[in-house]
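Listed below are the residues making up each chain.
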Amino acid sequence: MKSDPNSRWPETANRTRVEASAPTAGKKLFVKSYGCQMNVYDAARMADVLAPEGFAETKVMEEADLIVLNTCHIREKASEKVFSELGKARLLKKARKAAGLATKIAVAGCVAQAEGAEILRKQRAVDLVVGPQSYHHLPRMLRVSDHGPVIDTEFPIEDKFDHLARPSEEKIRERGASAFLTVQEGCDKFCSFCVVPYTRGAENSRTVEKILDEAAILARAGVREITLLGQNVNAYRGRNEQDEEVSLTQLLYRLAEVPGLERLRYTTSHPNDMTDDLIRAHAELPVLMPFLHLPVQSGSDRILEAMNRRHKAADYLRLVERIRRARPDIALSSDFIVGFPGETEADFAATLSLAKEAGFASSFYFKYSPRPGTPGAELAAQTPEEVKIERLARLQETLEAQRRAFNAAMVGREVDVLFEKAGRRAGQVAGKSPYLQAVQVEAPEELMGRVAPVKIVECGSNSLFGRLTDEFSLDAPMRETN
Ligand code: 5AD
Ligand code: SF4
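Residues numbered from 1 in each chain as written. Chains lettered and ligands numbered in written order. Predicted model: local features only at pLDDT ≥ 70, side-chain atom pairs only at ≥ 80, totals over all residues. Heavy atoms only, no water.

Novice: I'd love a proper account of the overall build of the protein, names of residues and values included.
Specialist: Scanning the protein for helices and strands turns up 15 helices and 21 strands. Principal-axis analysis of the C-alpha atoms places the extent of the protein at approximately 65 × 65 × 50 Å. The buried share of the protein, reckoned over its 482 residues, is 54%. In the protein, the proportion of contacts linking residues at least 24 apart, taken out of those at least 6 apart, comes to 71%. Taken as a whole, the protein presents about 21800 Å² of accessible surface, with 50% of it coming from carbon and sulfur. The distance from the centre of the 67 positive side-chain charges to the centre of the 69 negative ones in the protein is 4 Å. (Helix = DSSP H or I, 4+ residues; strand = E, 2+ residues; numbered from the N terminus. Buried < 20%, exposed > 50% of the residue type's maximum accessible area, 1.4 Å probe, protein only. Contact = heavy atoms within 4.5 Å. Areas by Shrake-Rupley, 256 points an atom, 1.4 Å probe, with all protein chains shown as cover. Lys, Arg positive; Asp, Glu negative; His and termini not counted. Charge placed at Lys NZ, Arg CZ, Asp CG, Glu CD.)

Right, here's the structure in full:
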């Protein structure tokens, strides 16, 4: 849920330095994403759309001709961060202008969708405001923006995915062996705290054909793990080649057949859409990784009802039991909100108790943040900030202890690791366990992009450490690709 691609901002305004003479072949694009994994996926799609326009990506903002901030509106803090970053971008634009270089600033993502023209009023250096459903219009918008600021926050009738450029094999390889693939967008659930149904719109699923096509392209370029993305991914209802409706389960079975794909994951799921057949898929499909992000938000029935979650705490616990029966080693993670309006100490105690009973391998926890336009923000009984802070600390203690215990229990076990990038220290390669843990291994670089068995020998605070098992050989055959 956290993303922070390497970005470099000028440290202070008056230290902003721009090299006028920097040789630039073509134009440079700098995209910074905030918030969820779908924004990471969208950022890559924006780069793909702009590549045919002559834009090459850079990680150095100072050299960018186009700066895109791909924003998140989920909590006030995330949303406000954008405006401080825009202030810095404005100074950079000014410094570049003094050096004879033109710069455009675009605000994309959910803040763009929610605030639209308001962004231009708050920060006049912005040239483009583009919502999450409109970024295929970026090339045209860029041209129009030569004549003044331009906004596109429509929910267009045409499918943006039909208008997106395909990334080159080289680009896919550069992005690594694990990729995201959006299969569904939007949400019809209307949890009373959440802006998503307003910023991302109604549920909309891509067709099976397009998803299989994208997955095959990724796998052919060396991607070994795909995480299917959707705001409500297990509510996926797409059409197959015969125009029949297909569930996420059926889609997973189709994707399991894609040559070269060794791992599948999906996120984020709503408990009410965890069907029996989806649970069964966790028992039957070896490519489906034993990790499931299943947000519960609260353990109090009263608060769950006020949140419009449409399930009770006991329903969630029963569901966890059924999932574990199907796949005993599955690791679960969750999202929690503390301090929803009206939350009493007893309600919070119920959340702590649910967390203890369910047992999570990792979790995200947030203080409730009233979002404009959502029903929760209108409720009178808002929880005082100091109460939220205190409850968050207690919940954190419980959940972090669970995370540490889960990781510590890995020591001595043998797990498959998908190696993705150079490790922290020289000679190390970093990868992911089936349970989404970071694993550092002393191994040859050739292992990147491959799955290999690893014995876990040590548990650090952020990573596990392991060594390749004796049976492993670099010459071992990989799964077929065509
Ligand atoms: N305040 C705090 N947390 C929120 N989330 C969504 N909306 C809010 C809000 N208004 C959390 C939920 C969700 C995760 C992505 O963000 O836990 O699952
Ligand atoms: Fe937001 Fe609820 Fe939809 Fe998740 S299910 S995106 S929390 S409204």
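The discussion continues.
Novice: Can you break down the nonpolar core residue by residue, with the values?
Specialist: Among the nonpolar cores identified, the biggest contains 58 residues, and L228, L251 and Y266 are the most heavily contacted of them. Examining the composition of this core, we find that 7 residues originate from one element, helix α8 (residues 208-220), more than from any other. Every residue in contact with Y266, bar those within four places of it in the chain, is listed here: T227, L228, V233, L248, L252, M274, L278, H282, L288 and L292. (Core = buried A, V, L, I, M, F, W, Y, C linked by side-chain atoms within 4.5 Å.)

Novice: I'd like a rundown of the pattern of salt bridges, residues and numbers included.
Specialist: A complete count under the given rule lists 39 salt bridges for this structure. A salt bridge links R200 to D42, with the shortest nitrogen-to-oxygen separation between them at 2.9 Å. Remark: D42 occurs in helix α1 (residues 37-50) and R200 occurs in the loop between α7 (196-199) and β9 (204-205); sequence separation between them is 158 residues. Across the pair, exposure class does not vary: R200 and D42 are buried alike. Between E321 and R325 there is a salt bridge, with its nearest N and O atoms 3.4 Å apart. Within this pair, E321 and its partner R325 are both found in helix α12 (residues 313-326), separated by 4 residues, close to a single helical turn. Accessibility expressed as a relative area gives 60% for R325, which makes it exposed. One salt-bridge network, held together by shared partners, links R45, D48, E57, K171, E174 and R175. (Salt bridge = Lys/Arg side-chain N within 4 Å of Asp/Glu carboxyl O.)

Novice: How would you summarise the site of ligand 1 if you had to cite specific residues and measurements?
Specialist: Around ligand 1 sit I74, R75, F193, Q297, D335, I337, F366, K367, Y368, S369 and R371, and that is every residue in its neighbourhood. D335 places a side-chain nitrogen or oxygen 2.6 Å from an oxygen atom of ligand 1. A distance of 2.8 Å separates a nitrogen atom of ligand 1 from a polar atom in the backbone of S369. Protein contact buries 90% of the 410 Å² of open area that ligand 1 shows by itself. (Near = heavy atom within 4 Å. Polar contact = N/O pair within 3.5 Å; in protein donor to acceptor, adjacent residues only side chain to side chain.)

Novice: Describe the side chain of Q113, listing the residues and the values that go with them.
Specialist: Within the secondary structure, Q113 sits in helix α3 (residues 109-115). Within the structure, the side chain of Q113 is placed 2.9 Å from the backbone oxygen of T153, a separation counted as a polar contact. Among residues more than four places away in sequence, those in contact with Q113 are G131, P132, T153, F155, Y198 and T199.

Novice: Any chance you could break down the packing of helix α9 (residues 248-255) against helix α10 (residues 276-284) for me, citing the residues and the numbers?
Specialist: Angle between the axes and distance between the axes: these two values describe a pair of packed helices. Contact pair α9 / α10: the axes reach a minimum separation of 9 Å and the direction vectors enclose 25°. On the basis of their axis angle, the class for α9 and α10 is roughly parallel. The chirality of how α9 crosses α10 is left-handed. Across the interface between the two elements, L248, T249, L252 and Y253 from α9 touch D277, L278, A281 and E284 from α10. Split by residue class, the contact of α9 with α10 holds 5 nonpolar, 1 polar and 2 charged. (Axes fitted to C-alpha atoms, helices over the stretch in contact; angles between N-to-C directions. Parallel < 35°, antiparallel > 145°, perpendicular 65-115°, else oblique. Left-handed = near helix turned anticlockwise from the far one by under 90°. Nonpolar A, V, L, I, M, F, W, Y, C, P; charged D, E, K, R; others polar.)

Novice: Give me the lowdown on the sheet that holds strand β15 (residues 331-338), citing residues and values where you can.
Specialist: Read from one edge to the other, the open sheet built from 3 strands follows the order β14-β15-β16, with strand pairing classed as parallel. Whereas interior strands pair on both sides, the edge strands pair on one side only; in this sheet they are β14 (291-293) and β16 (362-367). With direction set aside, neighbouring strand axes in the sheet form an average angle of 10°. Across the face of the sheet, helix α15 (residues 385-408) comes into contact with β15 and β16 while running at roughly 175° to β16. (Pairing = 2+ DSSP bridges.)

Novice: Let's hear about the environment of S300: which residues, and what values?
Specialist: Following the sequence through the fold, S300 ends up in the loop between β14 and α11 (301-306). Taking the relative accessible area as the measure of exposure, S300 reaches 4% and is therefore buried. As a C-alpha pair, S300 and D416 span 116 residues in sequence and 37 Å in three-dimensional space. Sequence-distant contacts of S300, that is, excluding residues within four places in its chain, are made with D347, A350 and T351.

Novice: Explain the sheet that holds strand β19 (residues 438-442) residue by residue, including any values.
Specialist: On the basis of which strands lie adjacent, the closed barrel formed by 5 strands has the order β17-β18-β19-β21-β20 and mixed pairing. The mean inter-strand angle of the sheet, taken between neighbouring strand axes irrespective of direction, is 55°.

Novice: I'd like a description of the environment of A112, backed by residues and values.
Specialist: On the secondary structure map, A112 appears in helix α3. With a relative accessible area of 0%, A112 lands in the buried category. Between the C-alpha atoms of A112 and N70, which are 42 residues apart in sequence, the distance is 8.5 Å. Not counting the four nearest positions on each side in its chain, A112 is found in contact with T71, V107, I119, V129, V130, G131 and T153.

Novice: Help me get a handle on the environment of V223, residues and values and all.
Specialist: Tracing the chain through its elements places V223 in the loop between α8 and β10 (225-229). Here the alpha-carbon distance between V223 and R173, two residues 50 residues apart in the chain, equals 7.4 Å. Each residue touching V223, except ones within four places of it in the same chain, is listed here: I172, G176, A177, A179, L218, G260 and L261.

Novice: Please provide a residue-by-residue account of the pairing of β19, values included.
Specialist: Within a regular strand, the side chains alternate between the two sheet faces. Bridging between strand β18 (residues 428-432) and β19 involves 5 bridges; their strand directions are antiparallel. For A430, the partnering residue across the bridge sits in β19 and is Q440. In terms of strand pairing, β19 meets strand β21 (residues 464-468) through 3 bridges, oriented parallel. Within β21, the position partnered with Q440 by the bridge is F465.

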